[in-house]
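Chain by chain, the residues:
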2 protein chains.
Amino acid sequence: MKKILTITIGLMTLLSVQAQEALNSRAEIKSPQVNSDRTVTLRLSAPKAEKVEAVISTVPSPEIIVMTKNDNGVWEGSSRVLNSDLYTYTFYVDGVKTDDPSNVYQLRDVATVQNLVIVPGGEKGRLYSVNDVKHGDLTKTWYHSDALCQDRRLTVYTPPSYDARGSRRYPVLYLLHGMGGDENAWSELGRASQILDNLIAEGKIEEMIVVMPNGNIAMQAAPGENPDGMLQPDFNLPRTMNGEYESNFSEIVDWIDSHYLTKTDKGSRAIAGLSMGGFHSLIISMNNPEMFGYVGLFSSATPDRAKADSEVYKNIESKLATQAASAPSLYWIGIGKDDFLYDSNKTMRETLDKVGMKYIYHESDGGHIWRNWRDYLVIFTPQLFK
Amino acid sequence: MKKILTITIGLMTLLSVQAQEALNSRAEIKSPQVNSDRTVTLRLSAPKAEKVEAVISTVPSPEIIVMTKNDNGVWEGSSRVLNSDLYTYTFYVDGVKTDDPSNVYQLRDVATVQNLVIVPGGEKGRLYSVNDVKHGDLTKTWYHSDALCQDRRLTVYTPPSYDARGSRRYPVLYLLHGMGGDENAWSELGRASQILDNLIAEGKIEEMIVVMPNGNIAMQAAPGENPDGMLQPDFNLPRTMNGEYESNFSEIVDWIDSHYLTKTDKGSRAIAGLSMGGFHSLIISMNNPEMFGYVGLFSSATPDRAKADSEVYKNIESKLATQAASAPSLYWIGIGKDDFLYDSNKTMRETLDKVGMKYIYHESDGGHIWRNWRDYLVIFTPQLFK
């Protein structure tokens, strides 16, 4: 049996490697299968396994789907009824994390890859999907940082009507990732292109350029896309939240303004980010009160988390007071009730109250998760550039 | 034991889903590990498995690496000494295809996802890696096809010096994928951005724009990135090689010329492709002899494989004779000795000889595989636009 298995694998692989366009030998197994009742059925062929479980990213807590084996060695299990949303899942086959070989769609979050499934039938499923609407462009580009003496990568979304050879100018949202993230995070985990395309098509937001920089000073570009090679992505990078990124952010703004058709007034610039990116947004906008008319803090890390004695982290209250006096069009704060940053956000809001900053506060359920950050993007962007 | 395992998995997953930036719990397992002797060591934790094998895409045939288990339940095995190149691999744990959970780098080929490893120490390892050189931009954009009444997606590489707001114009290479591929294939499986960046930095090729369209009429964009949803990618699509794509290709050229800073003369346009994309390149250039000064057929499907009675497939010999008489600067053919299209390419070359087409013929080892197509791109592009 083992010998036959080995030969079978060898032949299968020979086919798949030698003639890589070979037919999908797993075509008969459908997984994931999104059912009309909004349950999701998962399937995996594992004839010799003793136990197969799937874990799917439901809220408030992930659901463990215990799977059962049929006579053909195919394990099958279904989720409970799910809200329309984006979910990730993975199999554990006798304890070994196994991606679904029948589902090529995956998302990487820091050092973990999981399969992706979108449950339709509601607003979220629609907004996170590619629909038959006009699409913007998504570009991976590089700017040179004089301060850091290196080229660094940016993801830039330009809206459907954008024409680099034309004359129409657009407002800009700078959209920042969290720790462990990079310039790919918002367009992949955050479904930013799909959300922007769909909200623009529905007439709910202005056409805007969205700039997604890499917020890690220790990293020129996302893992595997920088000269450091294919290292395992790391959550704890050096030179994080030490002031270097915030001090030099205006290089990015200047570069974007000189390479894209931007509007450059305060009322046409927004900055928002999640977690560390919220922290960055707070610090950068506070140090440049005339640069950004709109600020969004999504599950934001708070100023007390600064990791170095940098000029940008000094005199926080007086800087925030100056920013408050400059009357930004929108200062928006979103956080989940279960977020580990909930209490420090409360303290941060007290500081904002003290200095007279007017802000909109949005409290959701859930914790420090992408489900919330996609939500916040959908709530935040319609308030911009009006 | 099972109960503990279940709880452990539950907690692990809770962490990974609830606070997705959580530390990588598999950090202690290093896989893949590229050793100084150019072997690759792979590792996987699977304490309960009876057998773990890895299959790696060596040539001429894939190597099956039998792995052995240590006392901690971690399986380990090493490849033989490998040439510097890009390899894909996958694990089979008791027969179940399992991606390497310690390696987030993956490539999708049609409906199969495999892990990626680059062995350095030679030209290929260098050319396929991101190095500390100037980088071009990679853009996902959409053009409208009047003929097909739909928006369709393109991947566009613009070289490092390209400035959309400037005046310098560039030659264009149209680079086409094969069956089962899409507009992402050349930039992902083909490492086109890295190859172009590196060859430009080494002064071996001209700076050029590279346009990578989606050659499937039945598909507006790559799987998962079009309005059809997250379908399992299919090798056999309808409306393939039926003449529609070739008949309407000039729409793409016109759109590129009106949206990018292109040189529009024949001497500044090349078209090349692999397999079906080679077929497309042959048919499109033959029907538009004044459009392309350079033609590349990589493991090309041959005209006898046309699947419909279309005008573009008629009078092949006389069209090729006209093209030959128009003296293209380069007509380049590359194929592997083991390619299933080897014999039909021989027949095709006889036709080209008959009509007086001068061409360069490159015969490599290996079959119908991406290793060859990356090679051919590296050999072909230095001959362009001189």
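Residues numbered from 1 in each chain as written. Chains lettered and ligands numbered in written order. Predicted model: local features only at pLDDT ≥ 70, side-chain atom pairs only at ≥ 80, totals over all residues. Heavy atoms only, no water.

## Points about the overall build of chain A
Per the secondary structure count, chain A includes 10 helices and 18 strands. Relative to the 2.2 N^0.38 estimate, which gives 21 Å for 386 residues, the radius of gyration of chain A is 23 Å and therefore close to what a compact globule would have. Buried positions account for 63% of the 386 residues belonging to chain A. Surface exposure of chain A reaches about 14200 Å², of which carbon and sulfur atoms provide 50%. (Helix = DSSP H or I, 4+ residues; strand = E, 2+ residues; numbered from the N terminus. Rg over C-alpha atoms; globule rule 2.2 N^0.38 Å. Buried < 20%, exposed > 50% of the residue type's maximum accessible area, 1.4 Å probe, protein only. Areas by Shrake-Rupley, 256 points an atom, 1.4 Å probe, with all protein chains shown as cover.)

## Considering helix α7 (residues 276-287) of chain B
Residue and element names in this part refer to chain B. Between its first and last C-alpha atoms α7 spans 16 Å; for 12 residues at 1.5 Å apiece the expected length is 16 Å, and the two agree. Where burial is concerned, most of α7 is hidden: 11 out of the 12 residues are buried. Residues of α7 that are buried: Met276, Gly277, Gly278, Phe279, His280, Ser281, Leu282, Ile283, Ile284, Ser285 and Met286. (Expected span 1.5 Å × (residues − 1).)

## Notes on the interface of chain B and chain A
Listed as interface residues are 93 residues of chain B and, on the opposing side, 92 residues of chain A. Put simply, chain B and chain A have 4 salt bridges between them. Joining chain B to chain A, the criterion identifies 17 residue pairs in polar contact (both at pLDDT 80 or more). Taken together, the elements giving at least two residues each to the side of chain B that touches chain A come down to α1 (2-18), β2 (40-45), β3 (52-56), β8 (96-98), β9 (106-109), β10 (112-119), β11 (137-145) and α10 (370-380) of chain B. Per-element accounting of the side of chain B that touches chain A gives the leading share, 11 residues, to α1 of chain B. Here the side of chain B that touches chain A is built from residues that sort into 41 nonpolar, 31 polar and 21 charged. Two strands pair when backbone bridges link them, and strand β11 (residues 137-145) of chain A and β11 of chain B are joined in this way by 3 bridges, in the antiparallel orientation. (Contact = heavy atoms within 4.5 Å. Salt bridge = Lys/Arg side-chain N within 4 Å of Asp/Glu carboxyl O. Polar contact = N/O pair within 3.5 Å; in protein donor to acceptor, adjacent residues only side chain to side chain. Nonpolar A, V, L, I, M, F, W, Y, C, P; charged D, E, K, R; others polar. Pairing = 2+ DSSP bridges.)

## Here we look at the pattern of salt bridges
Enumeration according to the criterion identifies 44 salt bridges over all chains in this entry. With a closest N to O distance of 4.0 Å, Lys314 of chain A and Asp309 of chain A form a salt bridge. The class of Asp309 of chain A is exposed, set by a relative accessible area of 68%. With a closest N to O distance of 3.0 Å, Asp99 of chain B and Lys97 of chain B form a salt bridge. Taken individually, Asp99 of chain B and Lys97 of chain B each receive the classification buried, so the pair is uniform in this respect. Bridged by salt links that share partners, the residues Asp85, Lys124 and Asp375 of chain A form one connected network.

## A few points about the sheet that holds strand β5 (residues 68-69) of chain A
All names here are of chain A. Spatially, 4 strands are ordered β1-β2-β6-β5 in an open sheet, and the strand pairing comes out antiparallel. Strands at the two margins of the open sheet, each flanked by one partner only, are β1 (33-34) and β5. Pairing geometry for β1 and strand β2 (residues 40-45), over 2 bridges, is antiparallel. Counterpart to Gln33 in the pairing with β2 is Thr41.

## So, the pairing of strand β6 (residues 74-78) of chain A
In summary, the side chains of a regular strand alternate between the two faces of the sheet. Residue and element names in this part refer to chain A. Of the pairings in the sheet, the one linking β2 to β6 comprises 5 bridges and is antiparallel in character. Bridged to Leu42 within β6 is Gly77. In terms of strand pairing, β5 meets β6 through 2 bridges, oriented antiparallel. Counted as the bridge partner of Thr68 is Glu76 from β6.

## Here's the deal with the relation of the copies chain B and chain A
It takes a turn of 180° to lay chain B on chain A, together with a shift of 0.0 Å along the axis; the resulting RMSD is 0.0 Å. In short, the pair behaves as if placed about a two-fold rotation axis. Minimal C-alpha separation from the rotation axis in chain B is found for Thr139 of chain B, amounting to 2.0 Å. Mapped onto chain A, 99% of the interface residues of chain B again fall at the interface, so both copies present the same surface. (Least-squares fit on C-alpha atoms with pLDDT ≥ 70 in both.)

## A closer look at the sheet that holds strand β1 (residues 33-34) of chain B
Read across the sheet, 4 strands follow the order β1-β2-β6-β5 (chain B) without closing on themselves; strand pairing throughout is antiparallel. Two strands in the sheet have a free side with no partner beyond their single neighbour: β1 and β5 (68-69) of chain B.

## Here's the deal with the packing of aromatic side chains
A complete count under the given rule lists 38 aromatic pairs over all chains for this structure. Judged by centre distance (5.6 Å) and plane angle (65°), the ring pair of Trp332 of chain A and Tyr376 of chain A falls under edge-to-face. Placement of the pair is Trp332 of chain A in strand β17 (residues 330-336) and Tyr376 of chain A in helix α10 (residues 370-380), with a sequence separation of 44 residues. On the accessibility criterion, Trp332 of chain A (1% relative accessible area) is buried. Each ring, one from Phe298 of chain B and one from Trp332 of chain B, has its centre 5.6 Å from the other, and the planes form 85°; the classification is edge-to-face. Here the residue Phe298 of chain B occupies a position in strand β16 (residues 294-298), and Trp332 of chain B occupies one in strand β17 (residues 330-336), the gap between them amounting to 34 residues. Three or more aromatic residues link up through ring pairs in this structure, and these residues are Trp186, Phe298, Trp332, Trp370, Trp373, Tyr376 and Phe380 of chain A. When the ring centre of Tyr128 of chain A is taken as origin, the NZ or CZ atom of Arg374 of chain A, which lies over that ring, is 5.5 Å away. (Phe/Tyr/Trp six-rings, centres within 6.5 Å; stacked < 30°, edge-to-face > 60°. Lys NZ or Arg CZ within 6 Å of the ring centre and 35° of its normal.)

## Comments concerning the packing of α7 of chain B against helix α8 (residues 316-325) of chain B
Residues and elements named next belong to chain B. α8 packs onto α7 with a crossing angle of 70° between their chain directions and a minimal axis gap of 8 Å. One element, α7, and the other, α8, form an angle in the roughly perpendicular class. When α7 is examined against α8, the residues Ser285, Met286 and Asn287 are found in contact with a partner set consisting of Ile316, Lys319, Leu320 and Gln323. (Axes fitted to C-alpha atoms, helices over the stretch in contact; angles between N-to-C directions. Parallel < 35°, antiparallel > 145°, perpendicular 65-115°, else oblique.)

## Observations regarding the pairing of strand β12 (residues 150-158) of chain B
Residue and element names in this part refer to chain B. Taking burial as the measure, the 9 residues of β12 include 9 buried ones, the bulk of the element. Here β12 shows a buried face lined by Gln150, Arg152, Leu154, Val156 and Thr158 and a second buried face lined by Asp151, Arg153, Thr155 and Tyr157. As judged from the 9 bridges shared by β11 and β12, these two strands associate in the antiparallel manner. Directly across from Thr141, in β12, lies its bridge partner Leu154. In this antiparallel pair of consecutive strands, β11 and β12, the connection spans 4 residues, and Cys149 shows a positive phi of 55°.

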